[in-house]
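Coordinate analysis (summary)
Take a look at the letters that make up each chain.
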2 protein chains.
Amino acid sequence: MYRNFKELMDHLATVTDKKTVAVAAAGDEEVLKCASEARKLGVANFVLLGNGETIRSVLQQLGEDPDQWTIEETASDKAAAERAVALASEGKADAIMKGLLPTATFLRALFNKEYGLVPPKTVVSQVTVTEYPGEDRMILITDCAINVAPEYADKVNILNNAVSLAHRMGMECPKVACLAPVEVINDKMPETVDAAALAKASQRGQIRGCVVDGPLALDNALSEEAAKVKNISGEVAGHADILLVPDLAAGNILDKSLRYFAHLSTGSAVIGARVPVIMTSRSDTAEGKLHAIALSVL
Amino acid sequence: MYRNFKELMDHLATVTDKKTVAVAAAGDEEVLKCASEARKLGVANFVLLGNGETIRSVLQQLGEDPDQWTIEETASDKAAAERAVALASEGKADAIMKGLLPTATFLRALFNKEYGLVPPKTVVSQVTVTEYPGEDRMILITDCAINVAPEYADKVNILNNAVSLAHRMGMECPKVACLAPVEVINDKMPETVDAAALAKASQRGQIRGCVVDGPLALDNALSEEAAKVKNISGEVAGHADILLVPDLAAGNILDKSLRYFAHLSTGSAVIGARVPVIMTSRSDTAEGKLHAIALSVL
């Protein structure tokens, strides 16, 4: 189990069979700086797709030798996105990464049925991973970026996606807290009903590879003391590895509060497609982007 | 303008005409410890309502002389709550505080029309105040505890309640950010539509005493740099004094992340009734409870 991103990246550096990330529209300083850093650290190899001339010139500016990189010329953003998806679908790339192109163009290629990278009825979801220095461990939070108002069935898939990442991170049976503002079931707060249903589904063996409890407020999920005050028992309260948020509004605010109020080191992954997808935002830090690549090749 | 809770409490200590807080069901160690601390610091005076014998005995345990306190015997939790509300409604108390009694009992007395403490159509809302050490200032967040799924008109009232507290805290024209996961208006995320409407209502002069902008994601509300990356201008982005959250799920998670991830010093106030209401939870820290009293007597 990795206690922080450094441990995770140190592990990846020791892997001899490096994973390959296909970057769609890679001709951008920030994107290539991140790829360069990741390759130096031995996190992953890359196939750079886009305007070859731009890519080569930016690599040179960064002090890299373009001839040491795999570069594939594509005629447009659309072509770059489709080629990245095709490489993944043919098994020639282990993850795909969005470079400098519109998110919609990238997603259209990802969900293009021709390539079959996202099987029908699949829920693709995002997971934020944060260091939790007080306890020297990592916590996963989902979904902070993609699913706006997931219903019960979507939440099962979102939860399973996060559990699969947790397993890769060495958490054998992660403890999942379904967050809500209160610990009691109240149908005026539908997230409490979903949380209760998810907890019971876990008990019934319908959700596997983890232990789920909820509804739990964030304090009870993280602090054994806070849970005790509210007379909440069980193995999840106070020790949650995965926090399932009620909806995007809550997830996005929590994700951003980790960086802007708590100054914690985070990274994110997009899971559910046949390969991990790296979609960072221009406002993410260089460190956050690097962590996203590390989580995706894990 | 207070930069932190210490400055706020230092100011209250200099006020000669101390405010009086009526405490319903005060016979509890944690409640009285907090009242004792607040009185020592010169933050407020108290009227303690409840079982006189219990109150006196707990005060003695805390090293206080019960004769130095105003204690009023009441026969039940209900009677204590009603007496606190009556004192406030008669102008004999400037704020009321929930002691050790069920929240429902306390709220029933508060909303009892007989006392008129909550005029009809009033929206009572909660505000969390947090220190923001990076910029040496304080930020208000609303509503993290009371209104579950506020609609547009409720949000106007919630916003006005927070603005009135901000004015008391010395912010002449607070900058209000209406939070959402994205900066674009998207009717699949109704909070973005409400945020846009609130921003325009502010521009039209329908909301006064503040400047409102939105939708803004938390990063753009707090960081000028993050706002620039997204090409967001205006005086609110990067400098928000008040964060209006979309709903209780988001507000509660943000509030708790301030304490459990960011370890920031916070306090809260309940505003909208004719006097401020202090409702702290048993899982709040002693410091948080003291800050709540300070904010309410301000």
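Whatever comes next refers back to the structure up there.
My aim in this report is to walk through the structure given alongside it, one point at a time.

On to the overall build of chain A, then. Helix and strand content of chain A: 11 helices and 11 strands. At 20 Å, chain A has a C-alpha radius of gyration in line with the 19 Å of a compact globule built from 298 residues. With respect to the three principal axes, the spread of C-alpha positions in chain A is 65 × 40 × 30 Å. Evaluated residue by residue, chain A yields a buried proportion of 58% over its 298 residues. Accessible area for chain A stands at about 12,500 Å²; split by element, carbon and sulfur atoms hold 48% of it.

Further remarks concern the environment of A:Trp69. Residue and element names in this part refer to chain A. Of note, Trp69 is situated in the loop between α3 (52-61) and β3 (70-73). Trp69 sits 14 residues away from Ile55 along the chain, and the two C-alpha atoms are 10.0 Å apart. In contact with Trp69, other than residues within four places in its own chain, are Ala35, Ser36, Arg39, Phe46, Leu48, Leu59 and Glu64. A polar side-chain atom of Trp69 sits 3.1 Å from a polar atom in the side chain of Glu64.

We now examine the interface of chain A and chain B. Contacts between the two partners involve 38 residues from chain A, matched on the other side by 38 residues from chain B. In this assembly, chain A packs against chain B so that about 3,000 Å² is buried in total across both faces, 78% of it on carbon and sulfur atoms. Counting across the interface, chain A meets chain B through 2 salt bridges. A salt bridge links A:Asp219 to B:Lys256, with the nearest nitrogen and oxygen atoms 3.8 Å apart. Of all the elements in the fold, those that place two or more residues in the side of chain A that touches chain B are β5 (125-132), α8 (218-222), α9 (224-229) and α10 (248-260) of chain A. If one sorts the elements of the side of chain A that touches chain B by residue count, α10(A) sits on top with 10 residues. Split into classes, the residues belonging to the side of chain A that touches chain B amount to 25 nonpolar, 6 polar and 7 charged.

Quick look at the nonpolar core now. Counting 58 residues, the largest nonpolar core has B:Val21, B:Phe46, B:Leu48, B:Met169 and B:Ile293 as its most contacted members. Broken down by element, the residue count for this core peaks at 7 residues, all from helix α6 (residues 152-168) of chain B. Those residues in contact with B:Leu48, other than ones at most four positions away along the chain, are B:Val23, B:Ala26, B:Leu32, B:Ile55, B:Leu59, B:Trp69, B:Thr70, B:Ile71 and B:Glu72. The next biggest cluster of nonpolar side chains, apart from the first, holds 57 residues, and it includes A:Leu12, A:Val31, A:Leu140 and A:Ala269.

Per the counting criterion, the structure on display carries 4 aromatic pairs over all chains. Between A:Phe261 and B:Tyr132, the aromatic rings sit 5.5 Å apart at their centres with planes inclined by 75°, giving edge-to-face as the arrangement. Taken together, the positions of A:Phe261 in the loop between α10 and β10 (266-271) and B:Tyr132 in strand β5 (residues 125-132) put the pair across two chains. Residue classification places A:Phe261 among the buried positions, given a relative accessible area of 4%. Its relative accessible area of 9% is what places B:Tyr132 among the buried residues. Directly above the ring of A:Trp69 sits A:Arg39, whose terminal nitrogen or CZ lies 4.0 Å from the centroid.

This part is about the relation of the copies chain A and chain B. Two copies of one chain are present, and they are related through a rotation about an axis combined with an axial shift. Of the transformation superimposing chain A on chain B, the axial component is 0.0 Å and the angular component is 180°, with the fit at an RMSD of 0.0 Å. Such a turn and shift between the copies fits a two-fold axis. A shared interface surface links the copies, since 100% of the contact residues of chain A are contact residues in chain B too.

Within the secondary structure, B:Met169 is located in the loop between α6 and β7 (175-179). Setting aside residues no more than four positions away along its own chain, B:Met169 makes contact with B:Met1, B:Tyr2, B:Val129, B:Met138, B:Leu140, B:Leu295 and B:Leu298.

All names here are of chain B. In the segment running from Thr142 into Asp143, the intervening peptide bond is cis, with an omega of 0°. In this fold, Asp143 is placed in the loop between β6 (137-142) and α6. Following Gly214, the chain continues to Pro215 via a peptide bond in cis, the omega torsion being -5°. Unlike most non-glycine residues, Ala25 shows phi in positive territory, near 60°. Along the chain, Ala25 falls in the loop between β1 (20-24) and α2 (29-40).

This brings us to the packing of helix α6 (residues 152-168) of chain A against helix α7 (residues 190-203) of chain A. Residues and elements named next belong to chain A. Closest axis-to-axis distance for the α6/α7 pair is 10 Å, and the angle between their directions is 55°. Classified by the interaxial angle, the pair formed by α6 and α7 is oblique. Crossing geometry of α6 relative to α7 is assigned as right-handed. Each of Tyr152, Lys155, Val156 and Leu159 in α6 lies in contact with α7, whose residues at this interface are Glu191, Asp194, Ala197, Leu198 and Ala201. Here the residues of the contact of α6 with α7 sort into 6 nonpolar, no polar and 3 charged.

Let's shift gears to helix α11 (residues 286-297) of chain B. Residues and elements named next belong to chain B. The end-to-end C-alpha distance of α11 is 17 Å, a good match for the 16 Å that 12 residues give at a rise of 1.5 Å each. Where burial is concerned, most of α11 is hidden: 10 out of the 12 residues are buried. Among the residues of α11, Gly288, Lys289, Leu290, His291, Ala292, Ile293, Ala294, Leu295, Ser296 and Val297 are the ones counted as buried.

So, about the environment of B:Gly214. Looking at where B:Gly214 falls in the secondary structure, it is placed in strand β8 (residues 211-216). B:Gly214 has contacts with B:Cys178, B:Ala195, B:Ala196 and B:Ala199, leaving out every residue within four places of it along the chain.

Moving on: the packing of α2(B) against α11(B). Residues and elements named next belong to chain B. Between α2 and α11, whose axes approach to 10 Å, the crossing angle comes to 55°. In terms of their interaxial angle, α2 and α11 are classed as oblique. For α2 against α11, the interelement crossing comes out right-handed. On α11, the residues that touch Glu30, Cys34, Glu37 and Ala38 of α2 are Lys289, Leu290 and Ile293. Each residue belonging to the contact of α2 with α11 can be placed in one class, and the counts come to 4 nonpolar, no polar and 3 charged.

The rules behind each value
- Residues numbered from 1 in each chain as written.
- Chains lettered and ligands numbered in written order.
- Predicted model: local features only at pLDDT ≥ 70, side-chain atom pairs only at ≥ 80, totals over all residues.
- Heavy atoms only, no water.
- Helix = DSSP H or I, 4+ residues; strand = E, 2+ residues; numbered from the N terminus.
- Rg over C-alpha atoms; globule rule 2.2 N^0.38 Å.
- Buried < 20%, exposed > 50% of the residue type's maximum accessible area, 1.4 Å probe, protein only.
- Areas by Shrake-Rupley, 256 points an atom, 1.4 Å probe, with all protein chains shown as cover.
- Contact = heavy atoms within 4.5 Å.
- Polar contact = N/O pair within 3.5 Å; in protein donor to acceptor, adjacent residues only side chain to side chain.
- Buried area = accessible area lost by both parts, 1.4 Å probe.
- Salt bridge = Lys/Arg side-chain N within 4 Å of Asp/Glu carboxyl O.
- Nonpolar A, V, L, I, M, F, W, Y, C, P; charged D, E, K, R; others polar.
- Core = buried A, V, L, I, M, F, W, Y, C linked by side-chain atoms within 4.5 Å.
- Phe/Tyr/Trp six-rings, centres within 6.5 Å; stacked < 30°, edge-to-face > 60°.
- Lys NZ or Arg CZ within 6 Å of the ring centre and 35° of its normal.
- Least-squares fit on C-alpha atoms with pLDDT ≥ 70 in both.
- Axes fitted to C-alpha atoms, helices over the stretch in contact; angles between N-to-C directions.
- Parallel < 35°, antiparallel > 145°, perpendicular 65-115°, else oblique.
- Left-handed = near helix turned anticlockwise from the far one by under 90°.
- Expected span 1.5 Å × (residues − 1).

That's the geometry; what it means functionally is another story.
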